[in-house]
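Summary of the model geometry
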Amino acid sequence: MPEVKEIEILIIGGGPAGLSAAAAAADLGASVLVLERDGKPGGQLVKQTHKFFGSKKQYAGDRGYQIGNLLIDRCQNNPKVEVWTDTTALGIYEDGVVTAEGQGKHLKIKPQKTIVATGASEKMIAFPNNDMPGIYGAGAVQTLMNVHGIVPGQRVLMIGAGNIGLIVSYQLMQAGVEVAAIIEAAPAIGGYLVHASKIRRAGVPILTSHTIREAYGQESVEGAIICRLDEQWQPIPGTEQDLKVDVICLAVGLSPLTELCFQAECQMKYVPELSGHVPLRSESLETTRPGLYVAGDVSGVEEASSAMVEGRLAGISAAYSLGYGNEAAAKLQAEALAELSELRSGPAGQKTVQGIKKLMDKEEAAC
Ligand SMILES: Cc1cc2nc3c(=O)[nH]c(=O)nc-3n(C[C@H](O)[C@H](O)[C@H](O)COP(=O)(O)OP(=O)(O)OC[C@H]3O[C@@H](n4cnc5c(N)ncnc54)[C@H](O)[C@@H]3O)c2cc1C
């Protein structure tokens, strides 16, 4: 039987939410262990080469990977924080023990408090041949190009004109890959117009009210049939176009990675505005399972800026509940809550605000 590692606060996931939680809890004096399944912490930030939007307080204007490095440095420079990379949390049990797999070993950890900051996974859409080689999620394309220096192909069809679809299209073009078109099922572009304008200026059509009918090819993708949608989102016969592409990239949204929350029996609710099933939680981000907190995209898909503030809030709250910080912690909690409302006060934050309201609405059933 493996030995049990005891720790005050365990954080699952070393993205912007998890690293911010670790630094905040350790600054108050708590001992923290972060589990990260990748070889390097940083989460989505490690592959973001563009300058971030958002608020200056959350490093807007810096490139994503630079923000990731700042957070990693903060944790590395704090002797209260341990980070185990290449370590995947597998389960959270009734007695509070968390099991993990790391460096070929089965590990057991007994934390006093746990923060789940596992982020989100990419969504897929159904169409004939969607399992063919050459079909990627946008995150996978970014990892290939920006982490490993490999382009996915020569000519790409991008599906989805949200910020991720627009940014990854631009990065493909910067890497010398042709983007044949960006198609979007909604009647309007979902991402920021500043990103869309850059793409259009480069001559790439952004076709709203369009979808993919099918991918085709022998061994791998050789093309895609796209078509226009009517106001009821139904394909309009006769509007099909055949695009010769060797890559189809899906940027159709993310779903919170909540398996561990389900397994830990947190009360969950499906909230479309938060992109899927998310755990009910208090203002300080504690779920219905006492001592288990959530932060970042796992609690509702949003942005790195809010993930960092939620991480800080969860870290402070967990440390505070262990008796660290006292009045200072209460003040820091209030500051983080005020920062979150400020971040969500603009038009982009309204969806999250509505989602959280729905989540906490006692009238609507949870599962
Ligand atoms: C193309 C793109 C562009 C973006 N641009 C911006 C932008 O300009 N501004 C902005 O604010 N946001 C932007 N975002 C969004 C931002 O990257 C995310 O909202 C943010 O990274 C969420 O942080 P997180 O810590 O919750 O999750 P993540 O960054 O996804 O981190 C979660 C971490 O948990 C780890 N993990 C998961 N499960 C386990 C497990 N079982 N055990 C151990 N580890 C686990 C993962 O490996 C990962 O490292 C962008 C995202 C994308 C994809």
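Quick caveat: nothing in here was measured; it's all calculated off a predicted structure.

1. Here's the deal with the environment of Trp233
The topology assignment puts Trp233 in the loop between β13 (223-228) and β14 (241-243). Overall, the relative accessible area of 47% leaves Trp233 in the partly exposed class. Spatially, the C-alpha atom of Trp233 lies 23 Å from that of Val204, the residues being 29 residues apart in sequence. In this structure Trp233 touches Ala185, Ala186 and Pro187, once residues within four positions along its chain are discounted.

2. Some remarks on the UniProt feature "domain: FAD/NAD(P)-binding" (unreviewed entry) in the chain
When the UniProt feature table is mapped onto this chain numbering, "domain: FAD/NAD(P)-binding" (unreviewed entry) sits at residues 8-311. Helix makes up 23% of residues 8-311 and strand makes up 30%, while its end C-alpha atoms are separated by 16 Å.

3. Here's the deal with the pairing of β13
Burial analysis of β13 places five of its six residues in the buried class, the great majority of the element. Taken together, the six bridges between strand β12 (residues 210-216) and β13 define a ladder with antiparallel strand orientation. Bridged to Thr211 within β13 is Cys227. With antiparallel pairing between neighbouring strands as the criterion, β12 and β13 make up a hairpin whose turn holds six residues, including Gly217 at a positive phi of roughly 160 degrees. Relative to β14, β13 is paired through three bridges, and the arrangement is antiparallel. From the neighbouring strand, Ile226 faces β14, where its bridge partner is Gln241.

4. A short note on helix α5 (residues 193-201)
Along α5, the residues classified as buried are His195, Ala196 and Ile199. Viewed along the axis of α5, the buried residues span an arc of 95 degrees, placing them on a single side of the element. Exposed and oriented more than 90 degrees from the buried face of α5 are Leu193, Val194 and Arg201. If you follow the buried residues of α5, they end up packed against α4 (163-174), β10 (178-184) and β11 (206-208). Phi turns positive, to about 90 degrees, at Gly203, one or two residues after α5.

Analysis parameters
Residues numbered from 1 in each chain as written. Predicted model: local features only at pLDDT ≥ 70, side-chain atom pairs only at ≥ 80, totals over all residues. Heavy atoms only, no water. Helix = DSSP H or I, 4+ residues; strand = E, 2+ residues; numbered from the N terminus. Buried < 20%, exposed > 50% of the residue type's maximum accessible area, 1.4 Å probe, protein only. Contact = heavy atoms within 4.5 Å. UniProt positions renumbered as here; feature names shortened; annotations may be inferred. Pairing = 2+ DSSP bridges. Arc of directions from axis to C-beta.

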